[in-house]
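Topology and contacts: notes
As a plain string of letters, each chain reads:
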Amino acid sequence: KNELIDPDEARRRAQNIFDRKHADVYAEYQARLLKAGAMDFDDILLNTYKLLNNHLDICNKWQHKFKHIMVDEYQDTNHAQYALIRELTREVPASLIPETSSIPRREDGSLAGASLTVVGDSDQSIYAFRGADIRNITEFERDFPGAEVILLEQNYRSTQNILDAANAVIGNNFDRKAKNLFTQFGSGDEIIGFTGYSAHDEAQFVADRIVEMSHEGVPYSEMAVFYRTNAQTRALEDIFIRSAIPYRIIGGTKFYERAEIK
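Described in the following lines is the structure provided in the data block.

Calculation notes
Residues numbered from 1 in each chain as written. Predicted model: local features only at pLDDT ≥ 70, side-chain atom pairs only at ≥ 80, totals over all residues. Heavy atoms only, no water. Patch = residues over 30% accessible without salt bridge, like charges linked within 9 Å, V, L, I, M, F, W, Y side chains within 5 Å. Areas by Shrake-Rupley, 256 points an atom, 1.4 Å probe, with all protein chains shown as cover. Salt bridge = Lys/Arg side-chain N within 4 Å of Asp/Glu carboxyl O. Helix = DSSP H or I, 4+ residues; strand = E, 2+ residues; numbered from the N terminus. Buried < 20%, exposed > 50% of the residue type's maximum accessible area, 1.4 Å probe, protein only. Polar contact = N/O pair within 3.5 Å; in protein donor to acceptor, adjacent residues only side chain to side chain. Contact = heavy atoms within 4.5 Å. Core = buried A, V, L, I, M, F, W, Y, C linked by side-chain atoms within 4.5 Å.

**Brief notes about a nonpolar patch on the surface**
Taken together, Met39, Phe41 and Ile44 make up a surface patch of nonpolar side chains, about 330 Å² in accessible area. The residue Met39 is located in the loop between helix H2 (17-35) and helix H3 (41-54) in this model.

In structure tokens form, the structure reads like this:
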């Protein structure tokens, strides 16, 4: 559905028994949704696109209604979302507008497309696993010729050492627009890199550093541990408890206080 493929098209594209089985399951799933009078999230995108693409009068109405379209996190959009944006922002020639249409048009009879502003960063594209297509942003200037690109390179959160390290890593990616992140916060402390053999090994390194800093006079209230997902707190909490390090979880619940653990 992210690729605007319906069950019939999925069957036509099937090249082996697995593809055919997936297409059969897809068709059965859609049949059950229809019977229940329901749509999933991807249906909302797919059916809206079909509505606009197959019914010019309806498409023209919404093309006229929206003068400015703004999209945030553009690097996380999928093909269906891209197609919707294209439908709503494209210029419509007079030949494609029904004569009975009452929508105000330009002198030549055409309908101007909406202006489009997107905000995104190809370096932050992490949702390919759920259908996001990075080409939407890397090929944006090709798809929308004449677009003005404004690079937001000043960073207001990090020191230059952190930005330089991030630039050095992401600079290895292919097909990306070069950026030079900078900050007014100065170089800052050097980054310490550590590779643990396990989550508990990593957590022990963090705990040891906290103990060292505490002995150096840094209060616990001035220390913070950042992690990517809540699942990562288990190892940290185990080690903190063993090391008698007081802690609290911000925006979440301690592992041993979660209802399912109790």
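**Notes on the side chain of Asn136**
Counting through the fold element by element, Asn136 comes out in helix H6 (residues 135-138). Taking relative accessible area as the criterion, Asn136 reaches 4% and is therefore assigned buried. Reaching out from Asn136, the side chain makes a polar contact with the side chain of Thr77 at a distance of 3.0 Å. With sequence-adjacent residues up to four places away left out, Asn136 is seen in contact with Tyr74, Thr77, Asn78, His79 and Tyr82.

**A look at the nonpolar core**
Counting residues in hydrophobic clusters, the biggest one holds 17 residues, and the most contacted among them are Leu52, Ile69, Val71, Tyr74, Leu84 and Phe144. Among the elements that take part in this core, helix H5 (residues 79-89) stands out by supplying six residues, more than any other. The contact partners of Ile69, leaving out residues within four places of it in the chain, are Leu88, Thr89, Ala114, Ser115, Leu116 and Thr117. Ranked by size, the runner-up nonpolar core spans eleven residues in total, among them Ile210, Met223, Leu236 and Tyr247.

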